[in-house]
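# Coordinate inspection notes
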Amino acid sequence: MKKLFLIFIATLVFQTAQAQLEIEIISGNASALPIAIVPFAWQASSPAPVPPVNEIISGDLYRSGLFDPMDAKDMVDRPTDGEEIRFGTWRLLKVDYIVVGKVRTAADGTGFEIIYQLFDAHTQEMVLSRITTVGPGDLRFGAHRVADSIYEALTGVPGAFSTRIAYITATGLGNDQRYELVVADADGFGPQSIVGSPEPLLSPAWSPDGSHLAYVSFEKGNSAIYMQDVTTGARELISSGKGINGAPSFSPDGTKMALTLSRTGNPEIYVRDMATGRTEQITQHWSIDTEPVWSPDGRYIYFTSDRGGRPQIYRVSPGGGNPERVTLEGDYNARASVSPDGRRIAVAQGRGNEYRIAVWDLESERFTILTPGKLDESPSYAPNGSMILYATREGGKGVLSAVSADGNVRQRLILSDGDVREPAWSPVIR
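Summarised in this report is the structure supplied together with it. All of these numbers come straight from a predicted model, not from anything done at the bench.

### So, the pattern of salt bridges
- Here the structure, examined in full by the defined rule, presents 18 salt bridges.
- The partner of glutamate 113 in a salt bridge is arginine 104, and the shortest N-O contact between them spans 2.7 Å.
- Glutamate 113 gets classed as buried once you look at its relative accessible area, which sits at 15%.
- Its relative accessible area of 34% is what places arginine 104 among the partly exposed residues.
- Put simply, arginine 356 and glutamate 354 hold a salt bridge, and the shortest N to O gap is 3.4 Å.
- Within the structure, one salt-bridge network assembled from shared partners comprises Asp60, Arg63, Arg140 and Asp187.

Structure representation (structure tokens):
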């Protein structure tokens, strides 16, 4: 039971510095698809950026583990539109797909247009042809959108490269310690501190439209839940009652929030109406009920409870009722994250002193263990369900990692110095 509280109100001593996240593939897919993202022609009035658009796209596809982009230095041709492609040359280079394009100044004179085409090197057919228009400061975001389109065209699954991640860091030691809630692009670029505090910050949770983050702060001594506008910094106090205020989770339509409160002296699951502020208790048990998350269709709230003797995942209707146990294997299953299709649940599964990320299939009622770590926790599904972001420790240092939903591809997201924790993957941002 003590371990359940550690996950819920962990105040780990992080030693970190704000820095760019670096991504390292630590296991890959031998059958990754060979693809060439040819350097795009730069036809805009402003200087070309560094890195160029093609490198951002290639990086995104490589990190998915499903693609093996050719290094630009190995390309013997540099076509910028379909008519210039010599398909025989690319087949000799064992490339299956080719992306060509150009960047020019948008019609309004301020932003950019990214014009691109995707071709099958074997059939010589055009698979995709689009123009993505972005504002003057959004070229990197536009490149991620291009990668999303290519990913979807070749896999049938929407890409998640243009999304963001949130995580907690801390700097300093003792009285000089400072915690930060940080937001970065899904590739780790451009980390920005959303809020800072000398007291612990925990449990970041995205609103469905990606405009707000809810989180737990101890800045006033007791735990309190805040909701903060990611762009403006404006924030609203959601709950600061006596005892535990924690684990916020937005409903899929954003009209409600599930949270853990101990108003009655025991941690229970509550649902708050975001418009009226009215809060209703939906569980009532002598055990600890915590870490609520919504099913994608809004029909259930999944939560962690030890009402059966050990922490397991249960679910209940948002209107209350009799909770139903969901995970039926293992001694310890906590911190649920539901896949976008609602068919699977990622959890931190404990065995002895080891914790790994496992996925429970609701149909087959079987677990698949995805990670080999000894202290893996806080799983968070990508909005397309292809990857799971999680926190772990390596060599005494906290890092973020991601694993593909089938466990075949793993990658480590590293800060150049220090620890990071409590990851949360944003929804798709339109």
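We are not done yet, so read on.
### Some words on the packing of aromatic side chains
- Enumeration according to the criterion identifies nine aromatic pairs in this entry.
- When the centroid spacing of 6.0 Å and the interplanar angle of 25° are considered together, the rings of tyrosine 215 and tyrosine 226 count as stacked. Here tyrosine 215 is found in strand S12 (residues 212-220), whereas its partner tyrosine 226 is found in strand S13 (residues 222-229), with eleven residues between them in sequence. Pair check on accessibility: tyrosine 215 and tyrosine 226 agree, each one buried.
- These aromatic residues form a ring-pair network of at least three members: Phe67, Tyr151 and Phe161.
- Its end group placed over the ring of tyrosine 226, arginine 235 keeps NZ or CZ at 3.8 Å from the ring centre.
- Above the ring of tyrosine 300, the side-chain terminus of arginine 315 is found at 4.0 Å from the ring centroid.

### Thoughts on the side chain of serine 337
- Tracing the sequence through the fold places serine 337 in strand S23 (residues 332-338).
- Not counting chain neighbours up to four residues away, the residues in contact with serine 337 comprise Arg344, Ile345, Ala346, Pro379, Ser380 and Tyr381.

### Examining helix H2 (residues 53-63)
- When you tally the buried positions in H2, you get nine out of eleven residues, the bulk of the element.
- Turning to H2, its buried residues are Val53, Asn54, Ile56, Ile57, Ser58, Gly59, Asp60, Leu61 and Arg63.
- Phi for glycine 65, located one or two positions after H2, is positive at around 80°.

### Some points on the nonpolar core
- Ile35, Phe40, Ile57, Leu61 and Ile150 are the most contacted members of the largest nonpolar core, which has 25 residues in total.
- If you list the elements that add at least two residues to this core, you get strand S2 (33-37), H2, strand S5 (97-105), strand S6 (112-120), strand S7 (126-134) and helix H4 (139-155).
- Counting residues per element, this core draws most heavily on H4, at six residues.
- The next biggest cluster of nonpolar side chains, apart from the first, holds 16 residues, and it includes Ile194, Trp206, Tyr226 and Ala424.

Calculation rules
Residues numbered from 1 in each chain as written. Predicted model: local features only at pLDDT ≥ 70, side-chain atom pairs only at ≥ 80, totals over all residues. Heavy atoms only, no water. Salt bridge = Lys/Arg side-chain N within 4 Å of Asp/Glu carboxyl O. Buried < 20%, exposed > 50% of the residue type's maximum accessible area, 1.4 Å probe, protein only. Phe/Tyr/Trp six-rings, centres within 6.5 Å; stacked < 30°, edge-to-face > 60°. Helix = DSSP H or I, 4+ residues; strand = E, 2+ residues; numbered from the N terminus. Lys NZ or Arg CZ within 6 Å of the ring centre and 35° of its normal. Contact = heavy atoms within 4.5 Å. Core = buried A, V, L, I, M, F, W, Y, C linked by side-chain atoms within 4.5 Å.

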